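Observations on the three-dimensional arrangement
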Amino acid sequence: MSAYSSSTHINNAKRSGADENTSPKHTGITMTLLLAAFAAVAGTSFHFGYASGIMNAPQDVIQAFINESSHRRSQNSHIGEFTITLIFSFAVSVFAVGGIIGGLFGYFITDRFGRKGGMLLNNIVSTIACILMFISKPLYTYELLIIGRFFIGVACGYGSSVAPTYINEISPKQLRGTLGVIFQLGVVLFIFVSQAISLYPILGSESKWHYALGLPIVFSIVQVVSLMFVPESPKYLLLKKDNIEQAEKALKWLRQHSDLQHELDEIRDEEAHQEKSIRWIDLFRTPIVRWALFITIFLQLSQQLSGINAVFYYSTVILQSAGFNKQAAEYANLGLGGANIFVTVLSIFLMDRLGRRLLHLIGIGGMFITSIVLFISLMISSTAVWNKISLIATFLFVAFFAVGPGSIPWLITSELFNQAYRVPASSIAVLVNWSANFAVGLGFKPLFTGVLDKYTFLLFTSFLLVFFVLTFFFVPETKAKTVDEIYTELNAGQVWRRSHAEHCHDRATTYDGNGIGHDNIMALT
């Protein structure tokens, strides 16, 4: 027990019966807070988004490189088209294998070196990855491309755990949702950047594609420089390192004011209720934590098994199957990235207004409907009208993903656990997420171009229906709530009734006669 434990009961007594309005009003977004959030995503979500989209447009060029590399080793060797497709699919999906490894080691690195220290170390891995992918072409060694994709996956796997954790811990409670979307915004922004850069006239040609794969080394440099100016997580400093002086200094820098007592008391309350040393197995021993982990796991699966990565990885192939020529499919793919960015930005303003649960239900429900339309349009792709419908359905599919499943699983994961459980729970979330990512990346193209053909999308449709039902009955609203408040709601049961009642209450009380949201104004002052 730390020195702060003795004051916990006094602080609790002082705050008993108080509502959220008694907390300090200095809980808005500051430039220093934005800088810290940017530093967190620069070398994590930027890499994640870029690596997710960069292999899409130049598929034919990279497959030709694989064939040429094999031929140069032996003039008599010949690998069939199916083998080339399998090697390319493995190069795409090994990214997710690396993500699994990065997620597994994430718990130990983040706990030992801190959030900031872990992100700094992570850039060593991403730099090595970029170099390997770049030199694969001049050396005519496609194995280096695969190894580089594996290492960038390791970096992205760890980054997808540590960055949301860091952003959650530096954010005021009222702004966790808004700032929590920044990680996903970085992902979708750089999916778009990768789609633009990998177009044939830019860096997608036979002589330039390796420059596109080596370019993300810039993200690592930007993050290392940015992290030099931002502090470690105040929660990590106080709860893990027991360093109140550095924690207060970090919090003061982030908030740009000295009225920190209320926020420090909340962190101390969390310390009083947490266990000092938590292992993965401990997540399964406490019933309420086990239940929160179950919610985390199916939310992560709802993101990956929704079919979105099939669209991101192979949208060019999908649109060509719908009747578009290759160039039109590539530019339509670029439009998908733009739509993804637009809706993700829109969700920033909705996240702390409508809440996580409702947005996730809207996203999953919309994807379910549009996946059915997309399937029908692919089956009847011989007419110009249905070609347009398939394009519209694909755009809406991506848009609904951005509304809910794109960012909410990671955000809720960080909100369902206290400091002690958050890192191991995030590691398991990464493991589940990237395992599903790997399965989709490896299996979709062989299924879509072979065994199941266009019926492949019906698999995703059925998954979406299951996830909608699970979300409706089991996922609580976590907006502006402490972990204890969330667990109380879970223990009480009937999450769907309580969440509906809260949503109605928010609509009745959040706005005044002029339609102005008082809570949101307070959060931004």
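Everything discussed here concerns the structure shown above.
Predicted, not measured: the structure shown is a model, and the values here were computed from it.

1. Digging into the overall build of the protein chain
From N to C terminus, the protein chain includes 23 helices and zero strands. The contacts of the protein chain with a sequence gap of at least 6 include a subset with a gap of at least 24, amounting to 82%.

2. Quick word on the packing of aromatic side chains
A full pass over the atoms with the stated rule returns 18 aromatic pairs. Residues Phe 65 and Tyr 140 carry aromatic rings whose centres are separated by 6.4 Å and whose planes lie at 35 degrees to one another, so their mutual orientation is tilted. You can see Phe 65 sitting in helix 4 (residues 59-73) and its partner Tyr 140 sitting in the loop between helix 5 (81-135) and helix 6 (142-170), a full 75 residues away along the chain. For Tyr 140, a relative accessible area of 22% corresponds to the partly exposed category. When the ring of Phe 150 is compared with that of Phe 151, the centres are 5.5 Å apart and the planes differ by 70 degrees; the resulting orientation is edge-to-face. Taking the relative accessible area as the measure of exposure, Phe 151 reaches 30% and is therefore partly exposed. Through a chain of ring-to-ring contacts, the aromatic side chains of Phe 38, Phe 46, Tyr 50, Phe 190 and Phe 219 assemble into a single cluster. A cation over a ring is seen here: Arg 72 above Tyr 140, with NZ or CZ 3.7 Å from the ring centre. The ring of Phe 472 has Arg 357 lying over it, and the distance from NZ or CZ to the ring centre is 5.5 Å.

3. What about the nonpolar core?
In terms of nonpolar packing, the biggest core is built from 60 residues, with Met 55, Ile 66 and Trp 434 touching the most fellow members. Broken down by element, the residue count for this core peaks at 12 residues, all from helix 5. When residues are assigned to domains, this core turns out to be shared by domain 1 (28-230) and domain 2 (285-500), each giving three or more. When near neighbours in sequence (up to four residues on either side) are disregarded, Trp 434 contacts Phe 48, Phe 95, Ala 96, Gly 99, Ile 100, Gly 153, Cys 156, Gly 157 and Ser 160. Among the nonpolar cores identified, the runner-up in size contains 54 residues, and Ile 364, Met 367, Ala 425 and Leu 490 belong to it.

4. Observations regarding the pattern of salt bridges
Throughout the structure, instances matching the rule amount to 11 salt bridges. With a shortest N-O distance of 2.5 Å, Glu 143 and Arg 73 are connected by a salt bridge. Taken as a pair, Glu 143 in helix 6 and Arg 73 in helix 4 lie far apart in primary sequence, 70 residues in all. Salt bridges linked by common partners bring Arg 115, Glu 169 and Arg 422 together as one network.

5. Focus: helix 6
What sets the pattern is the α-helix's 3.6 residues per turn: residues three or four places apart point alike. The end-to-end C-alpha separation of helix 6 is 41 Å, in line with the 42 Å expected for 29 residues at 1.5 Å each. A maximum bend of about 30 degrees is found in helix 6 at Gly 159. The buried fraction of helix 6 is high, at 25 of 29 residues.

6. Focus on the environment of Ser 258
Tracing the backbone shows Ser 258 in the loop between helix 11 (244-255) and helix 12 (261-273). Given a relative accessible area of 54%, Ser 258 falls into the exposed group. Taking the C-alpha atoms as reference points, Ser 258 and Glu 248, 10 residues apart in sequence, are found 8.8 Å from one another.

7. Remarks on the environment of Leu 237
Within the secondary structure, Leu 237 is located in helix 10 (residues 234-240). Its relative accessible area of 12% is what places Leu 237 among the buried residues.

8. Details of the state of the cysteines
If you walk through the whole model with that rule in mind, you get zero disulfides. No disulfide involves Cys 130; its sulfur sits 9.2 Å from the nearest other cysteine sulfur, which is in Cys 156.

9. Some words on unusual backbone geometry
In this structure, Asp 242 takes a positive phi of about 55 degrees despite not being glycine. Assignment of secondary structure puts Asp 242 in the loop between helix 10 and helix 11. Positive phi is not limited to glycine here, since Gln 256 has a value of about 60 degrees. Position of Gln 256 among the secondary structure elements: in the loop between helix 11 and helix 12.

10. Some words on the packing of helix 2 (residues 31-42) against helix 11
Look at helix 2 against helix 11: their axes get within 6 Å of each other, and the N-to-C directions meet at 110 degrees. Taken together, helix 2 and helix 11 sit at an angle that is classed as roughly perpendicular. Residues Thr 32, Leu 33, Leu 35 and Ala 36 of helix 2 form the contact with helix 11, whose own contacting residues are Trp 253, Leu 254 and Arg 255. Tallied by class, residues from the contact of helix 2 with helix 11 come to five nonpolar, one polar and one charged.

11. Considering the packing of helix 13 (residues 287-304) against helix 20 (residues 456-474)
Their axes nearest at 10 Å, the elements helix 13 and helix 20 cross at an angle of 150 degrees. The crossing of helix 13 and helix 20 is left-handed. Two secondary-structure elements touch here, helix 13 through Trp 291, Phe 294, Ile 295, Phe 298, Leu 299, Leu 301 and Ser 302 and helix 20 through Phe 467, Leu 470, Thr 471 and Phe 474. Looking at the contact of helix 13 with helix 20 residue by residue, the class counts come to nine nonpolar, two polar and no charged.

12. Let's talk about helix 2
Along its 12 residues, helix 2 runs 16 Å from first to last C-alpha, staying within 8% of the 16 Å computed at 1.5 Å per residue. Those residues of helix 2 not exposed but buried are Thr 32, Leu 33, Ala 36, Ala 37, Ala 39, Ala 40, Val 41 and Ala 42. The elements touched by buried residues of helix 2 are helix 3 (45-53), helix 5, helix 6, helix 7 (176-197), helix 9 (217-227) and helix 11.

13. Focus: a nonpolar patch on the surface
Together, Leu 35, Phe 38, Leu 215, Val 218, Ile 221, Val 222, Val 225, Met 228 and Phe 229 line one region of the surface with nonpolar side chains, adding up to about 780 Å² of accessible area. Among the secondary structure elements, those contributing two or more residues to the nonpolar patch are helix 2 and helix 9. Residue contributions to the nonpolar patch peak at four residues, all from helix 9. When you line up the elements, Val 225 lands in helix 9. Since its relative accessible area comes to 41%, Val 225 is described here as partly exposed.

14. Notes on the environment of Tyr 107
Residue position: Tyr 107 is located in helix 5. Placed 172 residues apart in sequence, Tyr 107 and Arg 279 show a C-alpha to C-alpha distance of 9.3 Å. Not counting residues up to four positions away in its chain, the partners in contact with Tyr 107 are Ile 278, Arg 279, Trp 280, Val 423, Pro 424 and Ser 427.

So, how was this worked out
Residues numbered from 1 in each chain as written. Predicted model: local features only at pLDDT ≥ 70, side-chain atom pairs only at ≥ 80, totals over all residues. Heavy atoms only, no water. Helix = DSSP H or I, 4+ residues; strand = E, 2+ residues; numbered from the N terminus. Contact = heavy atoms within 4.5 Å. Phe/Tyr/Trp six-rings, centres within 6.5 Å; stacked < 30°, edge-to-face > 60°. Buried < 20%, exposed > 50% of the residue type's maximum accessible area, 1.4 Å probe, protein only. Lys NZ or Arg CZ within 6 Å of the ring centre and 35° of its normal. Core = buried A, V, L, I, M, F, W, Y, C linked by side-chain atoms within 4.5 Å. Domains from an automatic or database assignment. Salt bridge = Lys/Arg side-chain N within 4 Å of Asp/Glu carboxyl O. Expected span 1.5 Å × (residues − 1). Bend = angle between axes of the 7 residues up to and from the residue. Disulfide = S-S within 2.5 Å. Axes fitted to C-alpha atoms, helices over the stretch in contact; angles between N-to-C directions. Parallel < 35°, antiparallel > 145°, perpendicular 65-115°, else oblique. Nonpolar A, V, L, I, M, F, W, Y, C, P; charged D, E, K, R; others polar. Left-handed = near helix turned anticlockwise from the far one by under 90°. Patch = residues over 30% accessible without salt bridge, like charges linked within 9 Å, V, L, I, M, F, W, Y side chains within 5 Å. Areas by Shrake-Rupley, 256 points an atom, 1.4 Å probe, with all protein chains shown as cover.

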